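# Chain and residue survey
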Amino acid sequence: MGLLKDVGPAGLVPAAWIFAAAAVLGLVTARTVLIAMVVMDVLLVTFFVTTLSEMTGPVLSAWQRVLAVGAVVNVLGTVDLVATPGSDPLAALALYAWIALPAAAYVRTWTAMSGPAYRHVYLVGAALSLVGLGLFAAGGAALLDEAVVAVAGLAVVGLGQTAGIVTAALQNGGRLG
């Protein structure tokens, strides 16, 4: 794959989780969220189409499936933001999907690799995604403000997924053994 395709996700993944946290905190408008979703739709579909023949084998094909399913739920979430402003159940589904789908692919990546110690970063990334999912879903915990718990969950997800994607970018660039 090309340099942008190899390292671009290492910047886009943490940016997406920071943006999601800002949205939960109400720091961005609904219109800004819609624009971001459209941009994400375009990037996802473009990345999927341009890497279709390159993403083969047990690990990359798992990530190709993440892109395919993720793009579909993301587009549905975008349509939902337009069709049912304020309700947005499909937009929420897209967010949960982007937490869970990479977690499953990180587990697949971890199991497919043998040998290198850095492979455990993928398992940690999956675990943090699932812990973050639990925190995000439990956003209404009795002792903490809903937004605080939700944003903490997104921060944990972002940390885990960023660790995984940065490791993948370094691995793809030949910077890891």
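Everything discussed here concerns the structure shown above.
Summary of the structure given here.

Here is what the cut-offs are and how they apply
Sequence order as written defines the numbering, with residues in each chain counted from 1. Totals for whole chains, interfaces and linings use all residues, but because this is a predicted model, local features are given only for residues with pLDDT of at least 70 and pairs of side-chain atoms are given and counted only at 80 or more. With hydrogens and water set aside, each side-chain value is computed from the structure's full complement of heavy atoms. Helix and strand assignments come from DSSP, with helices taken as H or I runs of at least 4 residues and strands as E runs of at least 2, each series counted from the N terminus. Among buried residues, the Ala, Val, Leu, Ile, Met, Phe, Trp, Tyr and Cys ones that are joined through side-chain atoms within 4.5 Å form a nonpolar core. We call a residue buried when its accessible area falls under 20% of the maximum for its residue type, exposed when it is over 50%, and partly exposed in between, using a 1.4 Å probe and counting protein chains only. In this description, contact between two residues means that some pair of their heavy atoms is separated by no more than 4.5 Å. Nonpolar side chains (Val, Leu, Ile, Met, Phe, Trp, Tyr) within 5 Å and like charges within 9 Å form the patches, drawn only from residues with over 30% relative accessible area and no salt bridge. Calculation of accessible area relied on Shrake-Rupley with a 1.4 Å probe; when residues are assessed, cover is drawn exclusively from the protein chains displayed. Any carboxyl oxygen of Asp or Glu within 4 Å of a side-chain nitrogen of Lys or Arg constitutes a salt bridge here.

Further remarks concern the environment of Met37. Positionally, Met37 belongs in helix 2 (residues 30-51). Distance from Met37 to Arg119, taken between C-alpha atoms, is 31 Å for residues 82 residues apart in sequence.

Note on soluble globular proteins: their nonpolar side chains tend to be buried together. Among the nonpolar cores identified, the biggest contains 27 residues, and Trp17, Trp63, Ile99, Tyr106 and Leu154 are the most heavily contacted of them. Residue assignment for this core shows that the elements contributing at least two residues are helix 1 (3-24), helix 3 (57-83), helix 4 (89-112), helix 5 (120-137) and helix 6 (146-172). For this core, the element with the highest residue contribution is helix 6, accounting for seven residues. Ignoring anything within four residues of it in the chain, the contact list for Trp63 reads Met55, Pro102, Ala105, Tyr106 and Thr109.

The next thing to look at is a nonpolar patch on the surface. Nonpolar side chains collect at one region of the surface, where Leu12, Ile35, Val39 and Leu43 lie side by side and expose about 340 Å² of accessible area between them. The element that contributes the greatest number of residues to the nonpolar patch is helix 2, accounting for three residues. Along the chain, Leu43 turns up in helix 2. For Leu43, a relative accessible area of 42% corresponds to the partly exposed category.

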